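Inside the fold
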Amino acid sequence: MKIGIGNDHVAVELKNIIKEHLEEQGYEVVDFGTNSTERFDYPISGYKVGKAVAAGEVDLGVLICGTGVGISLAANKVHGVRACVCSEPYSAKLSREHNNTNIIAFGARVVGPELAKMIVDEWLGAEFQGGRHARRVEMLAEIEEMQSLKAAE
Ligand code: RB5
């Protein structure tokens, strides 16, 4: 499985820890983030990972900035992306099972490396349950469609 990873200047160290953690488990990781601690605007890597996930270039995405908020907002602007910020493993797991999230985000200023690993592991280990959740996830896509039509008017 291919995972796209992205970060800003605040999250370089945690990005590399998570990248290594994923590679150790056999995932192929494509890095769309920065490795510099010079200011780097989080919308750039959020958008890049979002686009790669939506286009199927990678299967899933992991995004890390200071809080995980800005970078997940950027990714969510891309149609087909369902990104969420999770600071603990329970929400991460349920976000996959119920919401079929395709990107997980967290904050380097919020979670430490061990908690971040647990969040990612729970998320990757979970599967979308479909059933009653599928209709709701389809409704999210409908909202995107409505926005598209409006923009085309
Ligand atoms: C950068 O200072 C910070 O705003 C960014 O890492 C992130 O937390 C934004 O949501």
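Residues numbered from 1 in each chain as written. Predicted model: local features only at pLDDT ≥ 70, side-chain atom pairs only at ≥ 80, totals over all residues. Heavy atoms only, no water.

A few words now on the site of the ligand. In the region of the ligand, the neighbouring residues are Asp 8, Val 10, Tyr 42, Cys 65, Gly 66, Thr 67, Gly 70 and Arg 109. Within the side chain of Asp 8, a nitrogen or oxygen atom sits 2.5 Å from an oxygen atom of the ligand. Contact between the ligand and Gly 66: an oxygen atom at 2.7 Å from a main-chain N or O atom of the residue. When isolated, the ligand has an accessible area of 290 Å², and the protein chains bury 73% of it. In terms of residue class, the shell around the ligand is built from three nonpolar, three polar and two charged. (Near = heavy atom within 4 Å. Polar contact = N/O pair within 3.5 Å; in protein donor to acceptor, adjacent residues only side chain to side chain. Areas by Shrake-Rupley, 256 points an atom, 1.4 Å probe, with all protein chains shown as cover. Nonpolar A, V, L, I, M, F, W, Y, C, P; charged D, E, K, R; others polar.)

Two side chains that carry opposite charge are able to pair once their charged atoms sit near each other. All chains considered together, the criterion is met by four salt bridges. Of the charged contacts, one joins Lys 19 and Asp 31 as a salt bridge, the two residues approaching to 3.2 Å between their closest N and O atoms. Residue Lys 19 is located in helix H1 (residues 12-24), and its partner Asp 31 is located in strand S2 (residues 28-31); the two are separated by 12 residues in the primary sequence. For Lys 19, a relative accessible area of 17% gives the class buried. A salt bridge links Lys 93 to Glu 97; its shortest N-O distance comes to 3.3 Å. With Lys 93 and Glu 97 both in helix H4 (residues 89-97), this residue pair falls four residues apart, about one helical turn. Each of Lys 15, Lys 19 and Asp 31 takes part in a single network of salt bridges with overlapping partners. (Salt bridge = Lys/Arg side-chain N within 4 Å of Asp/Glu carboxyl O. Helix = DSSP H or I, 4+ residues; strand = E, 2+ residues; numbered from the N terminus. Buried < 20%, exposed > 50% of the residue type's maximum accessible area, 1.4 Å probe, protein only.)

Right, let's talk about the side chain of Ser 95 for a bit. As for its placement among the helices and strands, Ser 95 is situated in helix H4. Not counting chain neighbours up to four residues away, the residues in contact with Ser 95 comprise Cys 84, Asn 100, Thr 101, Ile 104 and Trp 123. (Contact = heavy atoms within 4.5 Å.)

Attention shifts here to the side chain of Ser 72. Locating Ser 72 in the fold gives a position in helix H3 (residues 69-76). Residue classification places Ser 72 among the buried positions, given a relative accessible area of 5%. Reaching out from Ser 72, the side chain makes a polar contact with the backbone oxygen of Val 69 at a distance of 2.8 Å. Sequence-distant contacts of Ser 72, that is, excluding residues within four places in its chain, are made with Leu 63, Ala 83, Val 85 and Ala 105.

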